[in-house]
Amino acid sequence: GAQLVGVPAGALRSASPLGELAPWVGVALFGAGVVVHQCARRQSVGWILLVLYVAYAGQVLGGLFFGGVLSALIGALLMTPIAVQVASFRSGPSTLVSFLPAFWLLVPGALGLVGLTQLLGTDRAGGLQSLITTAATMIAIAFGVLLGLGAAHGITALTSGRQHPSQRNLG
């Protein structure tokens, strides 16, 4: 997000005493806040954190290889099948309980607010660019979720030995 609004990466790293660990600690704090706010079951905490960390790690890796907008797609693509699989465990929460916090972690709502503020202020070109980037990122997240759901269905079919209804008629 900082890259998209023009904040240099070096400024972010030096701002925290935790250095490179700060975002990873932030994910844990966000997860803890979601668990407390939503009154999640105690057994769900680890699963929710797992999905959050998969989403964030996917976003970090996607950012390294594909850039800012596609990083959200990679995060969504990786976390969606994990959220679906987590629900299959006895102690795992439902898919939405672990999926939604990770989705919120990926959604660049603050960027949209910054872009709207710039658009209404004096930096209209910067604001428009920020809003376009925000929209593209949201589309990338949605596409990543769709691809991740497809992967989750494929994984489920492989592990359970069942065919998807659309494949039964092809044999």
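Here the structure is a predicted model, which means the values were calculated and not measured.

Draft legend 1. Quick peek at unusual backbone geometry. Positive phi, normally seen in glycine, also occurs at C39, with a value near 55°. Following the sequence through the fold, C39 ends up in the loop between α2 (22-38) and α3 (44-66). The exposure class assigned to C39 is exposed, which follows from its relative accessible area of 66%.

Draft legend 2. Broad picture of the nonpolar core. If you look at the biggest cluster of nonpolar residues, it comprises 17 residues, and the most contacted ones within it are V51, M79, A102, L106 and I141. For this core, the secondary-structure elements that each account for two or more residues are α2, α3, α4 (68-86), α5 (95-106) and α7 (124-160). Aside from chain neighbours lying at most four places away, what touches V51 is M79, I82, A83, V86, S98 and A102.

Draft legend 3. Representation of the packing of α3 against α5. Contact geometry of α3 with α5 gives a least axis separation of 8 Å together with a crossing angle of 35°. In this structure, α3 crosses over α5, and the sense of that crossing is right-handed. Touching W47, I48, V51, L52, A55, Y56 and Q59 of α3 are V97, S98, P101, A102, L105 and L106, all from α5. Grouping the constituent residues of the contact of α3 with α5 by class yields 11 nonpolar, 2 polar and no charged.

Draft legend 4. Structural detail: the confidence of the model for the chain. In the predicted model, the chain carries a mean pLDDT of 79, and the fraction of residues at 70 or more is 77%. Across the chain, α3 holds the top mean pLDDT of 92, while helix α8 (residues 165-168) sits lowest at 43.

Draft legend 5. A look at the packing of aromatic side chains. One pass over the full model with this rule turns up 4 aromatic pairs. For the pair W24 and Y53, a centre-to-centre distance of 6.0 Å together with 10° between the ring planes defines the contact as stacked. Residue W24 is located in helix α2, and its partner Y53 is located in helix α3; the two are separated by 29 residues in the primary sequence. Given a relative accessible area of 31%, W24 falls into the partly exposed group. Centre to centre, the rings of W47 and F89 are 4.9 Å apart; their planes meet at 20°, and the pair counts as stacked. Within this pair, whereas W47 is found in helix α3, its partner F89 is found in the loop between α4 and α5, the two being separated by 42 residues in sequence. On the basis of relative accessible area, F89 is assigned to the partly exposed category, the value being 45%.

Criteria and thresholds
Residues numbered from 1 in each chain as written. Predicted model: local features only at pLDDT ≥ 70, side-chain atom pairs only at ≥ 80, totals over all residues. Heavy atoms only, no water. Helix = DSSP H or I, 4+ residues; strand = E, 2+ residues; numbered from the N terminus. Buried < 20%, exposed > 50% of the residue type's maximum accessible area, 1.4 Å probe, protein only. Core = buried A, V, L, I, M, F, W, Y, C linked by side-chain atoms within 4.5 Å. Contact = heavy atoms within 4.5 Å. Axes fitted to C-alpha atoms, helices over the stretch in contact; angles between N-to-C directions. Left-handed = near helix turned anticlockwise from the far one by under 90°. Nonpolar A, V, L, I, M, F, W, Y, C, P; charged D, E, K, R; others polar. pLDDT = per-residue confidence, 0-100. Phe/Tyr/Trp six-rings, centres within 6.5 Å; stacked < 30°, edge-to-face > 60°.

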